[in-house]
Amino acid sequence: CTHIRHLFWSSPRQPFLNGNMMQQNVSLAPYTTLRVGGPARYFFVAENEKDVEGAVSFAKKNDLPIFVLGGGSNILFSNDGFPGVVIKDEIGGITYENVDNGVRVTAGAGVAWDDLVRETVERSFYGLENLSLIPGTVGAAPIQNINAYGAHVGDVIESVKVFDSETMRMRTLSNEECEFVYRRSIFKNKRQFIVTKVTFILSRTGTIDCSYKDIKKYFERKHIIVPTLVQMRNAIVAIRTGKLPDVRKMGTAGSFFVHPIVSQEQAEKLKEKFPDLSIVPYMDGMVKIIAGRLLDMLGWKGAREGNVGTHQTHALAIVNYGTDNAQEIYHFAERMRKDAKEKTGIDLEFEVHIVGDFS
């Protein structure tokens with residue numbers, strides 16, 4: 001496989017770090033699933049932890065900001081791009097170690113998330129199957145505490161190895177230190193931590209979680225009463241494929257908004273106005289409102305303005321139908337958010353990481 005850095009020609013005066021080329025003025029659009037974004041002033045592919053340290057040292061020496069890029073599936077760069085050093089994380093490798101009643105799995109931050117899920121399912125390890133087909137890399141998983149169909153990755157993470165760009169040292173954070181909550185972790189605020197490896201504890205035995213309605217319906221249609229791990233993964237892949245656009249074929253970041261968490265009282269009031277609203281219990285008397293269903297009821301499913309719109313089957317997925325203007329995507333999303341606020345009182349939060357000036 002040709003490394004990404006080989007796709008661009010560079011001048012002889014560009015710096016090298018650990019033998020790797022530091023490129024200049026590289027368009028970020030090909031590295032994001034939304035397929036928009038201006039140039040990175042500097043762009044560096046990190047294949048190991050030494051590469052990360054070298055790129056950070058270069059940025060500090062030149063007083064430049066740093067952005068770590070994984071699979072680019074949850075990011076919207078502005079047309080201006082990024083004025084500092086973009087570190088493309090391609091640290092690979094997956095290792096397995098037997099532990100009591102399970103296995104310790106350590107994966108490099110640059111490993112494609114679904115490759116890891118597929119491999120663990122094939123090895124009959126329980127814990128990641130409900131998180132099948134989520135785009136992105138292993139390094140992004142703890143940052144967002146990715147979740148789907150009742151599973152949260154934070155529940156099976158043992159530790160996260162990071163490079164601390166403030167102390168310039170490697171550090172291993174325990175599960176507790178990662179401060180996992182719904183769609184959040186310590187990494188959302190502590191931007192100095194650059195994830196290099198993630199360690200999971202998976203089980204050799206377990207129970208398949210079929211509690212979600214779509215999963216139940218899938219197995220009922222298949223006449224499967226007790227699904228296997230492989231059948232569960234196949235179910236998730238089929239369900240997600242039917243609902244969400246394929247990031248390999250269409251410009252999209254998947255779910256653009258986070259499911260809002262509100263009080264039971266607020267949810268009940270909304271339910272009076274929107275009887276078909278989907279509500280899921282959360283914790284401490286709070287509930288989660290399914291943002292896609294909410295936007296569907298507001299008429300956003302299949303909406304389109306110029307070259308930007310929502311997917312025909314899922315209002316939560318904003319789709320790039322051909323624009324090269326990041327601002328066009330951002331302002332479309334803002335109109336959706338404003339509409340939801342005016343009609344429901346709910347402030348929808350972007351799940352997609354917005355980088356740059358969109359004024």
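Just above, that's the structure.
Scope of this entry: the structure provided in the associated data block. Residue positions are counted from 1 within each chain, in the order its sequence is given. This being a predicted model, a pLDDT of at least 70 is required before a residue's local features are given, and a value of 80 or more before pairs of side-chain atoms are given or counted; all residues contribute to the totals for chains, interfaces and linings. Just so you know, side-chain values use all the structure's heavy atoms and leave hydrogens and water out.

1. Brief notes about the pattern of salt bridges
For this document, the term salt bridge refers to a Lys or Arg side-chain nitrogen within 4 Å of an Asp or Glu carboxyl oxygen. The tally for this structure, following the rule as stated, stands at 18 salt bridges. When the shortest N-O distance is used, the salt bridge between E119 and R123 registers 3.7 Å. Across the pair E305 and R335 runs a salt bridge, and its minimum N-O distance is 2.6 Å. With E305 in strand β19 (residues 304-305) and R335 in helix α9 (residues 326-344), this residue pair connects regions lying 30 residues apart in the sequence. Classification of residues uses two cut-offs on accessible area relative to the type maximum, computed with a 1.4 Å probe and protein chains only: under 20% is buried, over 50% is exposed, and between them is partly exposed. Of the residues examined, R335 reaches a relative accessible area of 39% and is grouped as partly exposed. Beyond isolated ion pairs, a larger network of salt bridges with shared partners links E97, R104 and E158. Secondary structure elements follow DSSP: runs of H or I no shorter than four residues count as helices, runs of E no shorter than two count as strands, and numbering proceeds from the N terminus.

2. Quick notes on the nonpolar core
For our purposes a nonpolar core is just a set of buried Ala, Val, Leu, Ile, Met, Phe, Trp, Tyr and Cys residues, chained together by side-chain atoms within 4.5 Å. Grouped together as the largest cluster of nonpolar side chains are 43 residues, with contacts concentrated most on W113, L116, L128, F187 and F200. Contacts are residue-level and defined by heavy atoms, with any inter-residue pair within 4.5 Å sufficient. If we ignore the near neighbours within four places in the chain, the residues touching F200 are V103, R104, V105, W113, L116, L128, V138, V153, V156, I157 and E158.

3. Some points on helix α6 (residues 229-243)
Here, expected helix span is obtained from the residue count minus one, scaled by 1.5 Å. Helix length check: α6, at 15 residues, gives a terminal C-alpha distance of 21 Å against a target of 21 Å (1.5 Å per residue), a fit within 8%. Considered for burial, the residues of α6 that qualify are L229, M232, R233, A235, I236, I239 and R240. End-on, the buried residues of α6 take up no more than an arc of 155 degrees, which puts them together on one face. In α6, the exposed residues that point more than 90 degrees away from the buried face are T241 and G242. The directions from the helix axis to the C-beta atoms form the arc being described.

4. Regarding the sheet that holds strand β7 (residues 82-89)
Read across the sheet, four strands follow the order β3-β4-β7-β5 without closing on themselves; strand pairing throughout is mixed. For this open sheet the edge positions go to β3 (23-27) and β5 (66-69), each flanked by a neighbour on one side alone. The mean inter-strand angle of the sheet, taken between neighbouring strand axes irrespective of direction, is 40 degrees. Between any two strands, pairing holds if DSSP finds at least two bridges. With four bridges connecting them, β3 and strand β4 (residues 39-46) associate as antiparallel partners. Considered in β4, the bridge of Q24 is made with Y42. Most of the contacts of helix α1 (residues 49-61) go to β4, to which it runs at about 150 degrees, and overall it touches β4, β5 and β7. Interaxial angles span 0 to 180 degrees and are taken between N-to-C directions of axes, which are lines fitted to C-alpha atoms, for helices over the stretch in contact.

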